Amino acid sequence: MHLIANWLNNAYEMHLKRVVAMNASDHVAQARARKMADALALGINEAFISHLVEHFYEAIRADEMLGPIFGAKVSDWPHHLARMKDFWASIMLESGRFSGNPMRKHTAIGGLDAEHFARWQSLWDVTLTRIAPNEEVANRFRDAARRIGESLLTGILIDRGGLPAIRAKVVA
């Protein structure tokens, strides 16, 4: 009798874990759907992301500071643009299409510093001011880019100098 009770208890606990996992999964799916619906309602869609990436990288390629860096690293521009469209769709629409390691790509580029990220952000902001359908869309993309840029710069500083480099960044 005791063995049956233990078996039933274990089976019930496993069932509860599955229910909790399913509910968590449903919650994540619902949150992603809400984020996508909200973005689409504002005018953030695949067409806008494609337009933004195309115009932004035109500016990057023409830029005196960033153009040579990208020119040296990107040999297949159509492929790079497609990856960046997937990246931004994953960030803004929860598409899940992007798979990669941006941190590793950026730490591999020697000499990147805060000036480069500030210039990148400036060109991004100018592009958004020109083409975003409204200020809310522009601000969402600006905020996401700022967070991503800060994260990448922090990772680069850690890669180069560890925690002392981060402390120096905070003090500066």
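The residue numbers shown here count from 1 along each chain, following its written sequence. Side-chain atom pairs in this predicted model are given and counted only at pLDDT of 80 or more, local residue features only at pLDDT of at least 70, and totals for whole chains, interfaces and linings cover all residues. With hydrogens and water stripped out, all remaining heavy atoms of the structure feed into the side-chain values.

Caption draft 1: Representation of the pattern of salt bridges within the structure. By convention in these notes, a salt bridge is any Lys or Arg side-chain nitrogen within 4 Å of a carboxyl oxygen on Asp or Glu. Inspection of the entire model under this criterion finds 8 salt bridges. Here Asp125 and Arg142 are joined by a salt bridge, their closest N and O atoms 3.6 Å apart. Pair noted here: Asp125 is in helix α6 (residues 114-131) and Arg142 is in helix α7 (residues 135-171), with a separation of 17 residues, a long-range link. Owing to a relative accessible area of 9%, Arg142 belongs among the buried residues under this scheme. Glu136 is the partner of Arg140 in a salt bridge, and the nearest nitrogen-oxygen pair spans 3.0 Å. Here Arg140 and its partner Glu136 are both found in helix α7, 4 residues apart, which amounts to about one turn of the helix. The partly exposed category is assigned to Arg140, whose relative accessible area is 26%. One network of salt bridges, in which partners are shared, links Asp125, Glu135, Arg142, Asp143 and Arg146. The secondary structure listing takes helices from DSSP runs of H or I that are at least 4 residues long and strands from runs of E that are at least 2 residues long, numbered from the N terminus. Residue burial is assigned from relative accessible area. The probe radius is 1.4 Å, only protein chains are included, and a residue is buried under 20% of its type maximum, exposed over 50%, and partly exposed in between.

Caption draft 2: Expanded view of the side chain of Thr127. On the secondary structure map, Thr127 appears in helix α6. Polar contacts here mean pairs of N or O atoms no more than 3.5 Å apart (in protein, one a potential hydrogen donor and the other a potential acceptor; neighbouring residues in sequence count only if both atoms are side-chain atoms). Within the structure, Thr127 has its side chain in polar contact with the backbone oxygen of Leu123 (distance 2.8 Å). Contacts: residue pairs with any heavy atoms within 4.5 Å of one another. Discounting residues that sit within four places of it in the chain, Thr127 has contacts with Leu52, His55, Phe56 and Ala59.

Caption draft 3: Examining the packing of helix α2 (residues 46-62) against α6 more closely. An axis is simply a line fitted to the C-alpha atoms; with a helix, the fit covers only the stretch in contact. Between two such axes, the angle follows the N-to-C directions and lies from 0 to 180 degrees. In contact at an axis separation of 9 Å, α2 and α6 are set at 130 degrees when each is read in the N-to-C sense. With respect to each other, α2 and α6 are oriented oblique. Where α2 crosses over α6, the handedness of that crossing is right-handed. On α6, the residues touching Phe48, His51, Leu52, His55, Phe56, Tyr57, Ala59 and Ile60 of α2 are Trp120, Leu123, Trp124, Thr127, Leu128, Arg130 and Ile131. For classification, angles of less than 35 degrees are called roughly parallel, those exceeding 145 degrees roughly antiparallel, those between 65 and 115 degrees roughly perpendicular, and all remaining angles oblique. Less than a right angle of anticlockwise turn of the near helix away from the far helix marks a crossing as left-handed, whereas a clockwise turn marks it as right-handed.

Shape is all these values report; function is a separate question.
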